[in-house]
Amino acid sequence: MNALPLSGKKVMIDPGHGGRFAGAIGRTGLKEKDVNLHVSHELQEDLEEMGAEVRMTRASDTEVLPGGSLRDDLQARCDLANRWPADIFVSVHSNSNNDPEVHGTEVYHARNASSRSKVLGRLIHQHMVDELPLKSNGVRKSDFYVVRNTHMPAVLVETAYLSHSGNEALLADPQFRESTAGAIARGVRDYFAVESEIRPDPPAGQQGPEPPPEEHLLAPGDPLEYLMAVR
Ligand SMILES: [Zn+2]
């Protein structure tokens, strides 16, 4: 009897924003928090079909720490993953840029990310650019709060740009959201297939200094007004 590829693996999915934190908003009014949640639910289904044990930092349109500050809300997401503890952490976002011509897909890991985070990011990104009609913007570094303060391999996926009309139309399409989730899930599957071969990280002392987390409350593409409104 063959075990499913992800049996025994614990995945924390983090649908970005929620409740009074809407995130980016497209020109048609499409809200990032809603796109993120839908993609995350599809991703949960896909990963569970592959045998993974999946938890969501939020499963509905709510804050993770209702009424709390943005910082506390983000820390609550990290706490859920760290206390479980999850094997990997995948935060799902949709991007935005002041320039309406900017489009495409990116995956982020922390600046001083572990080798495992980098491999996880690369494999998810590879499936996204292979399977979705999106421009590749590569795998990037960013010390966004949730990838910096989780203690397991962690990435933040920026599916596509809500500020770009073509990308926004895709993000509004349930079929595209399903395909996006499928691509992320196959990246996760590939990661666990090679995880045991990834070289261990150097001791913490050989990594750079801790950045001040307050500077990294926003994900790339989160509107600055969002930070001002919730602080
Ligand atoms: Zn976001």
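Residues numbered from 1 in each chain as written. Predicted model: local features only at pLDDT ≥ 70, side-chain atom pairs only at ≥ 80, totals over all residues.

## Focus on the overall build of the chain
Applicable threshold: Working definition: helices are DSSP H or I runs of at least four residues, strands are E runs of at least two. Numbering for both runs from the N terminus. Residues with at least 20 neighbouring C-beta atoms inside 10 Å of their own are called buried, those with 12 or fewer are called exposed, and the rest are partly exposed, where every C-beta is derived from the backbone. Contact definition: two residues whose C-beta atoms, as placed from backbone geometry, lie within 7 Å.
In terms of regular secondary structure, the chain is built from seven helices and six strands. Written out in order from the N terminus, the α and β elements of the chain read β-α-β-α-β-β-α-β-α-β-α-α-α. Relative to its full complement of 231 residues, the chain shows a buried share of 47%. Counted over contacts in the chain with a minimum sequence separation of 6, partners at least 24 positions apart contribute 81%.

## Considerations on the sheet that holds strand β4 (residues 105-109)
Going by this rule: The criterion for strand pairing is that DSSP finds at least two bridges linking the strands in question. A fitted line through C-alpha atoms serves as each axis, taken over the contacting stretch for helices, and the angle formed by two N-to-C directions is quoted from 0 to 180°.
Pairing within the open sheet is mixed, and its six strands lie in the order β2-β1-β3-β6-β4-β5. Edge positions in the open sheet fall to β2 (53-56) and β5 (136-141), since each of these has one partner strand only. Taking the axes of each pair of neighbouring strands and ignoring which way they run, one obtains an average angle of 20 degrees across the sheet. Both strand β1 (residues 10-15) and strand β3 (residues 88-95) contribute to a ladder of five bridges, which runs parallel. When the sheet's bridge partners are listed, V11 is paired in β3 with I88. Set on the sheet, helix α5 (residues 165-172) makes contact with β3 and β6 (154-161); between it and β6 the angle comes to about 110 degrees.

## Description of the nonpolar core
Stated formally: Core membership is restricted to buried Ala, Val, Leu, Ile, Met, Phe, Trp, Tyr and Cys residues, and these are joined into a nonpolar core through C-beta atoms within 7 Å.
By size, the foremost hydrophobic cluster in this structure holds 54 residues, and its most contacted members are V11, V90, I124, V155, I184 and V188. Other than its neighbours up to four places away in sequence, V11 contacts L47, A52, V54, A86, D87, I88, V90 and V188.

## Looking at the pairing of β5
Using the following cut-off: For a crossover, the right-handed case is the one in which the path from the first strand over the helix to the second runs clockwise, viewed with the strands pointing away from the viewer.
Note: β4 against β5, four bridges, orientation parallel. Counterpart to T105 in the pairing with β5 is S136. As for the winding sense of the linkage, the β-α-β connection from β4 through helix α3 (residues 115-131) to β5 is right-handed.

## Examining the pairing of β2
When β1 meets β2, the two strands line up parallel, connected through four bridges. Looking at the pairing, V11 lines up with V54 of β2.

## Here we look at α5
Note the following rule: Directions are taken from the helix axis to each C-beta atom, and the arc is the one they span.
For α5, the set of buried residues is N167, E168, L170 and L171. The buried residues of α5 occupy an angular sector of 160 degrees when the element is viewed end-on, so they sit on one face. Buried residues in α5 make contact with α1 (32-49), β3, β6 and α6 (174-194).

## Focus on the packing of α1 against α6
Packed helices, taken two at a time, are described by the angle between their axes plus the distance between the axes. In plain terms, the rule: Geometric relationships in this document are graded by angle, where less than 35 degrees denotes roughly parallel, more than 145 denotes roughly antiparallel, 65 to 115 denotes roughly perpendicular, and other angles denote oblique. Note on convention: the crossing is left-handed when the near helix lies turned anticlockwise from the far helix by less than a right angle, right-handed when the turn is clockwise. Three classes are used, and their members are as follows: Ala, Val, Leu, Ile, Met, Phe, Trp, Tyr, Cys and Pro are nonpolar, Asp, Glu, Lys and Arg are charged, and the others, Gly among them, are polar.
Remark: α1 packs on α6, axes separated minimally by 8 Å, with the N-to-C direction vectors making an angle of 50 degrees. The angle between α1 and α6 falls in the class oblique. Here α1 runs over α6; the crossing is right-handed. Residues V35, H38, V39, E42, L43, D46 and L47 of α1 touch α6, and the partners they reach there are R177, E178, T180, A181, G182, I184, A185 and V188. Taken together, the residues of the contact of α1 with α6 sort by class into eight nonpolar, three polar and four charged.

## Considering the packing of α3 against α6
Contact geometry of α3 with α6 gives a least axis separation of 8 Å together with a crossing angle of 140 degrees. As judged from the angle between their axes, α3 and α6 are oblique. Once α3 is placed against α6, the crossing between them reads as right-handed. On α6, the residues touching V119, L120, L123, I124, Q126, H127, M128 and E131 of α3 are S179, A183, I184, R186, G187, V188, D190, Y191 and V194. Here the residues of the contact of α3 with α6 sort into 10 nonpolar, four polar and three charged.

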